[in-house]
Each structure stands twice: as structure tokens, then as C-alpha cells.
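Remarks on the overall topology
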2 protein chains.
Amino acid sequence: MPVFASDMLSSVAYAPDEILLALSLTSLVALTVAPWIGVAVGAVILVIVACYRINVKAYPSGGGDYEVASKNLGPRAGLVVAAALLVDYVLTLAVSMTVFAAYITTAFPLLAPYRVPVAIIGILLITLAGLRGSRATPVLLAIPTYLFLGAVFLTMCVGLLRVGAGDIPQAETADYTVVHTGIQNEATLGLATVLIVLRAFSSGSVALAGVQTVATAVPAFKKPRGKNAGNTLLLSGLLAALMLTGLTYLASVTGIKYVDDPHLYLVRPDGSAVSAEYEQEPVLAQLAHAIFDNAPVMFYFVVLVAALVLIVAANTAVEGFPGLASRLARDGFLPRQLATKGDRLTFSNGILLLAFAAILLVIATRASATTLIQLYLVGVFASFVVGQAGMVLHWNKRLRLVIDPKARVRMHINRLVNGAGCIIASGVLLVVIVSKFLAGAWLAVAAMAGLYLVMGAIHRHYSRVARELAPEADGGSRTIPSNTHAIVVVNEINKPTLRALSYARVTRSSQLEAITVAVDEDSASALQRQWNDMSLPVPLTVLDSPYRELVRPLLAHVLAIRRRSPRDLVIVYIPQYIVGRWWEHILHNQVALKLRTRLLLVPNVVVVSVPWRLRSFSRQYGGDGPENDNPLYRQA
Amino acid sequence: MPVFASDMLSSVAYAPDEILLALSLTSLVALTVAPWIGVAVGAVILVIVACYRINVKAYPSGGGDYEVASKNLGPRAGLVVAAALLVDYVLTLAVSMTVFAAYITTAFPLLAPYRVPVAIIGILLITLAGLRGSRATPVLLAIPTYLFLGAVFLTMCVGLLRVGAGDIPQAETADYTVVHTGIQNEATLGLATVLIVLRAFSSGSVALAGVQTVATAVPAFKKPRGKNAGNTLLLSGLLAALMLTGLTYLASVTGIKYVDDPHLYLVRPDGSAVSAEYEQEPVLAQLAHAIFDNAPVMFYFVVLVAALVLIVAANTAVEGFPGLASRLARDGFLPRQLATKGDRLTFSNGILLLAFAAILLVIATRASATTLIQLYLVGVFASFVVGQAGMVLHWNKRLRLVIDPKARVRMHINRLVNGAGCIIASGVLLVVIVSKFLAGAWLAVAAMAGLYLVMGAIHRHYSRVARELAPEADGGSRTIPSNTHAIVVVNEINKPTLRALSYARVTRSSQLEAITVAVDEDSASALQRQWNDMSLPVPLTVLDSPYRELVRPLLAHVLAIRRRSPRDLVIVYIPQYIVGRWWEHILHNQVALKLRTRLLLVPNVVVVSVPWRLRSFSRQYGGDGPENDNPLYRQA
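Naming follows an unreviewed UniProt entry, where chain A appears as APC family permease of Brevibacterium picturae. Here is the UniProt Subcellular location (unreviewed entry) comment for chain A, exactly as written: "Membrane".

1. Digging into the nonpolar core
Counting 401 residues, the largest nonpolar core has Tyr573 of chain A together with Tyr573 of chain B as its most contacted members. The contact partners of Tyr573 of chain A, leaving out residues within four places of it in the chain, are Ala486, Ile487, Val488, Val489, Ala500, Tyr503, Ala504, Val608 and Val610 of chain A.

2. With respect to the interface of chain A and chain B
Contact with chain A, which involves 70 residues of that partner, is made by 70 residues of chain B. The element contributing the most residues to the side of chain A that touches chain B is helix α17 (residues 495-506) of chain A, with 8 residues. Per-class residue counts for the side of chain A that touches chain B are 37 nonpolar, 16 polar and 17 charged.

3. A look at the sheet that holds strand β6 (residues 569-578) of chain A
Strand order across the open sheet formed by 10 strands is β5(A)-β4(A)-β3(A)-β6(A)-β7(A)-β7(B)-β6(B)-β3(B)-β4(B)-β5(B), with mixed pairing between neighbours. Two strands close off the open sheet at either side, each with one partner strand: β5 (540-544) of chain A together with β5 (540-544) of chain B. Within this sheet the neighbouring strands show an average axis-to-axis angle of 30°, counted without direction. Both strand β4 (residues 511-518) of chain A and β5 of chain A contribute to a ladder of 5 bridges, which runs parallel. Its bridge partner lying in β5 of chain A, Ala518 of chain A is registered against Asp544 of chain A. Contacts from helix α21 (residues 590-599) of chain B reach β3 (484-489), β6 (569-578) and β7 (605-613) of chain B within the one sheet, and its direction differs from that of β6 of chain B by about 155°.

4. Examining the domain arrangement of chain A
Once the domains are mapped, chain A shows domain 1 (2-462) and domain 2 (478-635). With centres defined by C-alpha atoms, the gap from domain 1 of chain A to domain 2 of chain A works out at 58 Å.

5. Re helix α4 (residues 64-73) of chain B
Residue and element names in this part refer to chain B. In terms of burial, α4 is largely enclosed, as 8 of its 10 residues are buried. For α4, the complete set of buried residues consists of Gly64, Asp65, Tyr66, Glu67, Val68, Ala69, Ser70 and Asn72. In this fold, the buried residues of α4 make contact with α3 (34-58), α5 (75-107), α9 (211-216), α13 (296-330) and α15 (369-401). The first or second residue beyond α4 is Gly74, which carries a positive phi of 95°.

6. Quick look at the relation of the copies chain A and chain B
If you rotate chain A by 180° and push it 0.0 Å along the axis, it lands on chain B with an RMSD of 0.1 Å. When the rotation and shift are considered jointly, the pair of chain copies conforms to a two-fold rotation axis. Using C-alpha coordinates, one finds that chain A approaches the rotation axis most closely at Val608 of chain A, a distance of 2.2 Å. A shared binding surface is used by both copies, with 100% of the interface residues of chain A retained as interface residues in chain B.

7. Describing helix α14 (residues 348-364) of chain A
All names here are of chain A. Over its 17 residues, α14 runs 24 Å from end to end, which matches the ideal 24 Å to within 8%, given 1.5 Å per residue. Within α14 the residues assigned to the buried category are Gly350, Ile351, Leu354, Ala355, Ala358, Ile359, Leu361 and Val362. Once α14 ends, the next one or two residues include Arg366, with phi positive near 50°.

Conventions used here
- Residue indices begin from 1 for each chain and proceed along its sequence in written order.
- By the order in which they are written, chains take letters starting at A while ligands take numbers starting at 1.
- Reporting of local features is limited, given that this is a predicted model, to residues whose pLDDT is at least 70; pairs of side-chain atoms are given and counted only at 80 or more, and all residues count toward the totals for whole chains, interfaces and linings.
- UniProt positions are given in the numbering used here, feature names are shortened, and annotations may be inferred rather than shown by experiment.
- Working definition: the nonpolar core is a set of buried Ala, Val, Leu, Ile, Met, Phe, Trp, Tyr and Cys residues, joined through C-beta atoms within 7 Å.
- Counting other C-beta atoms within 10 Å of a residue's own tells you its class, since 20 or more makes it buried, 12 or fewer makes it exposed, and anything in between is partly exposed; those C-beta atoms are placed from the backbone.
- It is the C-beta atoms, placed from the backbone, that decide contacts: two residues are in contact if theirs lie within 7 Å.
- Secondary structure is summarised from DSSP: a helix means a run of H or I of at least four residues, a strand means a run of E of at least two, and numbering begins at the N terminus for each.
- The residue classification treats Ala, Val, Leu, Ile, Met, Phe, Trp, Tyr, Cys and Pro as nonpolar and Asp, Glu, Lys and Arg as charged. All others, Gly included, are polar.
- When DSSP finds two or more bridges between a pair of strands, those strands are recorded as paired.
- Between N-to-C directions, angles span 0 to 180 degrees; the directions come from axes that are lines fitted to C-alpha atoms, helices contributing only their stretch in contact.
- Start and end points for every domain follow an automatic or database-based domain assignment.
- The fit set for superposing copies consists of C-alpha atoms from residues with pLDDT of at least 70 in both; the fit itself is least squares.
- Given a helix with a known number of residues, its expected span is that number minus one, times 1.5 Å.

Here it is as C-alpha cells:
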């Protein structure tokens, strides 16, 4: 549970900040509204969690919204969700590490000027760990989540007890005033306030980002999977809602101020602006400061544990990406090689792209969590909307099939819940896109559109190729060549060549010849003499090469065979060296590679690579022992 | 003739400059010595040319000094020459294009501040032409050389006629004074003057750089090759000596001043320093200015023709490099794939390295021809010295074998000429290294040493591998596997798979099975159903893959076969798509490639690539027509 929940729970480390920040834009409602927004977001969390409990039970294969949308709304809707989810992976990484950097600089104010580099280094380290495939054990990843839960609840309990005892802690920023350059007009105030409250609400909804993580991780749960995943969702949803409400309440009680740009909007008690060095602490850190005002060690504990849980959350993005990518690859939306989730090395390029995009975002937004979260919301809620709409259709379909009244009642309820989730998610999405389109949400929309187009193009390509390659009904593509003509390419007489000859002989072709190209006349005649001396049982053909070429004479020879007997299969044996060090690739196999590439272009020709392990390889990997001990196979 | 001679003749465009420049360091001898140095260099040219006429007759295979040194002094000496020649190719390119830039900026003074970019662009264009393999026809390349010869002789004749008629033309710089910050001490003056004269002499010897080009181009001459090449050498040597002497004489008569840094050492007639914008023109350009003082069009003609011939000279470096590289590759000093001179594409990397090194040198010296020429001299004369020493040994050996007195006399004369060449070349080399070691000659020496070491290491690697791969005398490496076990890797049932199956069947293995890895259980069982429906005549094995891997289950299966029957040969057939566009590589073959790489590590396994040309390939290259029309084969 804790691993998949870390994404959702860690959002508590930044969701309250976004609520306060949005509210700081209006003076009227100020902080009295904040706890109610916390409650509203908590309620939304519970609704959405209820929706996804239904989802994971109905679709326990871990496809999440992608599967729901594909199956009920068609592949195009599925592709929209897929694009949204890919964007989300990038943003989970970017947001988590940006907030991570904020906590780190809170704990170590000396690092404050280096927030962007800290976030980037964080992304790089997590990517590196993901690339090396050194998955930390679930237990290890669970510790930060539990610690974080403990730290937040301890803060909340102590805070609530102190409030109950009348000893209300005051935040450092309690006496500061928020000044407004924005809304002055009384007439628009009402509408603006509503909009701001809505924005605060939708910003707070970022706490829901982690729901998807659980929904796609269903197959990793113990059986019964759907039920266990549903329970995890419920539990972490309840916890997140509770923590968010509690923290927002405490933030308003302790008078915490949190604004977009403290140097513009924050004024100190004596009326002076805050100093240039002033760095705003995250709400959770300010709370820990205020509540544990006589135990600074607790402040550091809370802050560092928050940073830790954000690493775990960012890690879920890197760990989770191969799963989605392999599902998309199996459906033909991404390159096919990504389909095998187990071959981790294959995903290196994908994970590097993920990290690269996240780093670009961090640099472009100068590690501004607020901006990134607006992008994040677009992706998260776009997939919610499509997914829940899909679920409504799902129940519609099922209702048409089922007649058992009890089951029908349950389905009606489910449809109601999913419908409510869809409407709420649409509302949040609308607010974010309308209020933040120019401020960055367009980027998320553009990225989704771009991914949608590229994945659609890949799918069309694969479909076209599949149609092209479909076997003909009359079995026309099963004709068997009448004869085989084997050719062994010889450059010099050595063990690899002799092995290629033996292997060629054992396959018993209709014809077998060894061929050498006389790039250098002297060495060609020396080779022929040696060939005769060894009385090798295969005839050697020497091809002239007036222009000192190797590939063209061989190709011409093969084409001549093809012309003589167009229905024959030509099998070309090429020795290939298996080397142990990277630079040996420069010294070996280059000619073989080129020859192979060219020969494969000729119809009815196959190329057989006959490997020979050089001693440098065996020394490096111990290839002479039992093969299973070879690290290369173990890694396979 | 003109193509190979362009290198040597073009040196007339910068050799006089170097003589005047070196002499400008001493006031005593000034320009009166210049023509005599021109005569001396001319004499040396004739001696060296005589040496190389002997060389090309004795070794007409085009190996040049490399062959002479390898055969007579052993492989180490050959390697020294090889390193020197490789450095020379870089410097031919760098020097020619630097001087080219000087002529271009003389013709277009507006470009004067961009001398370095002009030289770099020149290098890039010549490299590009070399990479595209668009060899200009010899006739086209001959035109600039003839034009240059015509232009220089016209300049000389008109100049000499005017001198004869008493109408001595005066150069623009004739009234300028050269000031000296250097030698003041009367005592050291004598020795210093000797040194400077020697340096002027050795700098002028750069005119000899092109000799090597002719010596290595022998096989391109008409038969009798040695004789024709010798005649070309003699003719171009005579022409170069004549032009150099004439130009140097005219330069001293017209009072041309040429110094290292005109802003430091040149003073105008009124005693003021030259302006900051003053750009020194090459000697040939100044001569053209002075001699054709009432026909400026001739000045432009001479200057542009000189620029043109320098392009041809630089081109010989790019064109000639593959020849040397292929010879070195055949001897095992460079990666083997370079051995086939005809497959031009192979040399792309080599030519790019050549251009890269030349560009670095141009940037490092800020396009200073004088500095580059000192480096150039090191390489050129190092190979002269070793080559001529080899020739002396060659005649010693021959003298021991031959008794015919007439032939012996000829050999004695030859030995004398080669010995003289060796001594003169050693002298020049010594002067350059001693006088210019810190000023840049160390770089040429270091580059030669580095190349020597790398090529030695490559040679040792190949020798070691050759020993490792030498067939055993008892024929132990000729054992033939007892049985063959063929495996066809199936991902889906399509035409490429069916083709792989047909091909596997036609080779009649002892056992044949199709294998699919069940990465996805649904599609695996669908595949099996389809397999049965089509009643394919080969059994299909489905391998489980609990972790959604593809490579490991297959490897495990192959290893299990190996364990059961270790003397069998396992033949794995993998379909491979031949695509038409670069990006299709991302979407196809990645899994096949990975599988192939891994399988080749297993002993007694060969991998057969069964190609399938996608329609995108045929559309691009028209593969369905007669194969010879396919541009890919034509290029082969």
C-alpha cells in the first residue's frame, strides 16, 4: 500500500500551499474560507476515490482510465487518456522534485539560491536509479511514507491540542499583511471572489493526482486485486482528505500567509517590504515551525520527511512509466520494443526522455511549483473526465444486459457516483484551463495534443504494416524455395572462418562455396594456396575487385546466382566476432556489418551470423564456464 | 600529371613568402640573398626529385616512403613514415586552405577580418565534396593547374622583360622599412645570420611537400607507371624550381617586404607604422600588383588562379587519404574496414577526422600559414629522411646481389643520390625542429608520436587476435556439429514469419520448432489458435514470461537445448524488416536486434536474419524492378 499511496499522500506537502496561495488574491474571504475549501477538496477526494474503487473493481487489469476509455469510448478517447497520463508522468517527476527542492532549501537556507539546480539534481538521481533498475525493496520505500504520515499527524494532533487548550500557536507570517495590486473594483469583486475560491479549490485538487497511480498498479496488489486496490484507495483517500482538511484549518488558525511572490505581496508588521533574501517556507514547514516552536528538531524532522516522501512519489513516475508504455506499445501506440516491460534496458530511452522533459519544465518555470501544478491538473483531470465518462457508458451498457434487480440498483448507484466524479472533474478542469490557459496550461494541452498526434501516427503506421504483412488466404506466401545455395564469406583462414564452414556444411545446402574478394592480389593468391594446402572440402571462388572494393563484387556474385536460379534461397554465412571491450567494435565486424546490411536488401537472401567469442570477451565475462554464470545472460 | 603535380606546384604560392619572411629577421643580408636561396631550394627540389624518380622506379606500387621504409628498415620505421604522412595529410589540407584564405582576402579585402572562417569553410566544402565521393574529372582538376602555371610564367616573363628593359617595377612595400627588435648584438650576428639563412632555406623547402603525393599516386599513372611517374616528378620539379627561383629573384628586384607581423616590423616611408587595417599580401600577389601595375585585371587573375590551385592541392589530401589508410589497414595498422579503398563510404569517419584536425589547427594558429608550414615541414622531411635512408639500404642490399658492372655503377649512382637526399632532408628537418620546436614543431612531433603509438597498439591487437584465431594444425577447429536444431522466433503470424518458416524448412534441420514468448497471455493464446487454424507444418512452442520479458525466456530455452545436446548447432531464424525511412528503424527491428545480440553470445548458436522488404522500402528504392537498377546496389 504505502508505495502506491506515496504519490497521493505526498500531495499533502503542497496542496495546502496552493489553496492559501489562490486565496491570497482576495482580501475579503482571506483565511476564513480556507478550511472550508480544505473540506470541499477532502469531499472531492472521497468522491473521486469512490469512483476509482468502482473502476479498479470493474477493470482490475491495471489499465486505469486508459483501459476504461478505450473499451467504452473507443481508441481515440483511450489515446487522449494515454497522452494525458504520459504528460502526468513528466509532471509528477517535475512537481515532486520542485517541491522537494523547496523543502530542502527550507531545511538548509544556504541552498536557497540553488533551488533549480537542487530540483534538477534530484531528477537526475532518480532517473539514474530508475535506469540502473535498482528497484528499492517495497519495505524500504514504505518507510518514508509511514514516517510522513506519522509526522503530519503528530503535527496536526499537537496543533489541534494546543488550539483546544487555548494556546493557539502563531506562524512567523501571522503578523504580515498581504497587499493586493489586483482586484480593486467593488463590482467585479463578487464574481472574482467566486472565481478565486474555485481556483483555490481546483488547485487543492492536485491532492488527487496519486489516484491514477493506484489505479494502474492494480496487478501488483495481492489477490483479490480489485478489492485490495480499492481498499488502498479508500484508506489513502481518507488519510489525504483528513490531513488536507486538518492542515488547512491549522494554517488559517495560525495565520499563515502564503503568496505568489512574497517580495511583491507581503508586508512586514512595521509596514516595510520583506527583505530580498526572504524565502517563503511551504505551509507544512511553517506549521511545524509554529506548532513545535520550542522543539526545532521536530521542524527539521517534518521538513526532511516531507522531502523524503516526495522522492518516493517522484520515483513512482519513473517506475510506473514502463507499465503504461508497455501497454501503449502492445496496443500499437508506441514503438513495439517497449511492449516487454521486463526488459528494463529497453526503457532507457523512454526514461531519459521523461527526465529530459521534466528538467526542461523545471528550468522553464524556474522551479515554480504553482505553475507546474496548474499543468499537472490539466493532465490529471483530463484523464479523470474521460475515464469517468467511460465508466458511465460502461454502466449504461451493463444495465442493458443485467436484469437482476439488486445488481441493477448497485449499478445505478455506481453510475451515479461515476457521473458525479465526471462532473466534478470537468468542473475542475474547466476552471484550470480557463483561469490558467495563458499562464501555462496551454503547454499541457499542447503536449497532450502532440503526443496524441504522434501516437496516432505510430498506430497508423503499425496498422498499415500489419495489413501489408497479413498472410494471403490462398497460402501464396508459403512457397518454399526449390534449392539452397550457401556461401561462406572468407577473408582469411582462421578459426571463425573454419567454424562458419563447418556450420555451413552441416546445414547441407544444394550448393556450397566459399568466396573471397581479391581486394589485394597477393594476399588473395596466398589465401588460395593455403586453402589448397589444407585441402578444405569446399571449393573457394576468388572474386576480382579491380577497384579494391569488397561489397560490390560479392553483391554482384549473389545477384548473378539469383539471375541463374531465381527460385533458390541464397544463404550467406558471415563470421562475426564477439568482443569484450567497446573499442574493439571499431576494429572488428565493421565490414561484416556493412556486408550484412547490403546483402539483406537482395531478395531471397538470408544472412547467417556465425559468432566467435574473442578471448577478450571470455576474459571480461567468463564465457568458458557454465553459460548461466555469464553476467550477460543473467542480465538478459 | 597536373592533378598530382598541383600539390607541388601550388607550393609556389607560399614558399617565396616563407623565404622572404625568414630573411626579414636580419637586416644585413636582406633581399640580396633571397634569389640565391631560391636557387638553393630549387637545387634541393631537383635532388629530391631525382631521389624520388629512383624511388618510384624501384617501388612502383604506390607505397611511397612507407613501403620503402617498411621493406628496408623494418615495420617500425614504416610506422614512423606512416605517422608522418598522416600528419602531412592534415597539414596539406590546413596549409592549402590557410593560404587559400590569404589569397581570397587579398582579392576581396572586405573579407580580411574573416580569414579564419574563410579557411574553415574551405576545409568543410572540400571535405563535403570528398565525402560525397563526387570526384571531379581529372580534366576539370587539370584546368586550375595549367591556369596557375600560365599565370605564374606570364608574371615571371613580363617581370623579367621589364627588368631587362630597365623598367624595373616597384612593389607597394618597396619603400617600406623592416625594423628589428631582435638581433642587435654584433658578435652573434654572424651565427644568427647563418641560422636565419638556413631557416629561410628550410622554409622554402616546403615546395617539396608535393613530391610525396606523386610518389604515392604511381598506380594511377599509365604504364610504364614508374617511368611516367618519374617523368611527372621531373617535369613538375623543374617547373617548381624554375618558378620559385624566378619569383624569389623578382621579389628581391621589386623590393617586396614580407614580415611575420606587419604592424610590429613594417614602417612606412614617412616613418609611421602601418595602419591597423593593413593586410600583408602574399608575395605572388604583390608581384602581380607591381608587374601588372597598369592592368589590375591580371592581378585578380593571378590571385584567383592561385586560390583555385590551392583548392585542387587541398583536394589531393582528401582524395589521397583513403589510399594511405587502406594500405595501413591492409598492414594491420588501422581498422581493417579501411582496407577496401573502393568502398568510399567507409572512409567517411577518417575524412571527417582529417577535416576536424585541420580545422583545429587553423583555429589554433589563427590561420597563420607560417606556423602551419613549420609543422608541415616536420612531417614532410621526417618521411623524406626515413624513406631515403631506406633507399640507401635498398641499394646496399641490391649491390650485394648484382654483379653486372654496368648495373652496379647505376646502383652506386642511385645510392649516392639517395644518400645526398637523406642528408639534405635531415639538415632541413634538424633546422626546423631546432629553430621552431617551441613555436609549434613540438605539436607535429607529438601528433606523430601519438599516431605511432595508436597504430602500434592496433597492430598488436590484430596480431594477438590473429594468433588466437590461427587454425590448429590437428584440424581440431574443424569439428562439425552432430545435429542442427532450428528455431523460428514468432511474434505474430504474418508474411515475414511465414517466409522465415519456409526458409527454415528448406534447410532441413534435424529438429525444427517455432517459438513464441507469451509476453501477453491473451495474444499468445490467440496466436496459438491462429497457428492451429492455419495448420502450419511446424510445432509451435509457447514460452511463459511471468515478468513480461522477451529475451530471457528465449535465451533460457536455447540454453536448455544446449544442455540437452551440447554438440548440436542451434539455428535461430529471426525475421527482419527492411525499411525505407530512417524513423522506421525506431518502430521496427529493435527487438530483433536485441535478441540477435544476446543469442550470439551463446556458444554453438547462429542467428539467421530473414529480411522482409516493407513497401516503404520498395517505394523509396524501387526494389521490385531488376535488382541492378536499385540505387543501393549501384552505390554498393
